[in-house]
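Structural description and commentary
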Amino acid sequence: MEESVTYQDIIQKGIQKGLQQGLQQGLQQGLDRGKQEEAVLIVMRQLTLRLGLLDPGLQQQIEGLSITRLEELSEALLDFKTATDLAVWLEHG
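Quick look at the structure, then.

1. What about helix α4 (residues 83–92)?
- Among the residues of α4, Leu86, Trp89 and Leu90 are the ones counted as buried. Each buried residue of α4 lies within a common arc of 95 degrees when the element is viewed along its axis, so the set occupies one face. Exposed residues on α4 whose side chains face more than 90 degrees from its buried face are Thr84, Glu91 and His92.

Structural data, given as structure tokens:
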């Protein structure tokens, strides 16, 4: 049975479908990661202008935020006066 043309055709189509789905998922993850990285850069620039250089620990926390949380932070940072305000937001956000 494994040597039949029909069987081989079914296997080949399954492999192609799996590869196609894997490629699509990989591309989407790459796009999502690119959006997140761009959002991190923008928020970091805004925070640096507002608060000055940030502690590396705070930078790491920001880099780990989702796109949604980065959007929320981009609005919240307008009210920040000190890096402590940022730290509190990150703790309680």
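2. Quick notes on the nonpolar core
- The biggest cluster of nonpolar side chains holds 18 residues, and the ones touching the most others in it are Leu47, Ile62, Leu73, Phe80 and Leu86.
- Elements supplying a minimum of two residues to this core: α1 (5–51), α2 (56–63), α3 (67–76) and α4.
- Aside from chain neighbours lying at most four places away, what touches Leu73 is Val43, Leu47, Ile62, Leu65, Phe80, Leu86 and Trp89.

The rules behind the values
Residues numbered from 1 in each chain as written. Predicted model: local features only at pLDDT ≥ 70, side-chain atom pairs only at ≥ 80, totals over all residues. Heavy atoms only, no water. Buried < 20%, exposed > 50% of the residue type's maximum accessible area, 1.4 Å probe, protein only. Helix = DSSP H or I, 4+ residues; strand = E, 2+ residues; numbered from the N terminus. Arc of directions from axis to C-beta. Core = buried A, V, L, I, M, F, W, Y, C linked by side-chain atoms within 4.5 Å. Contact = heavy atoms within 4.5 Å.

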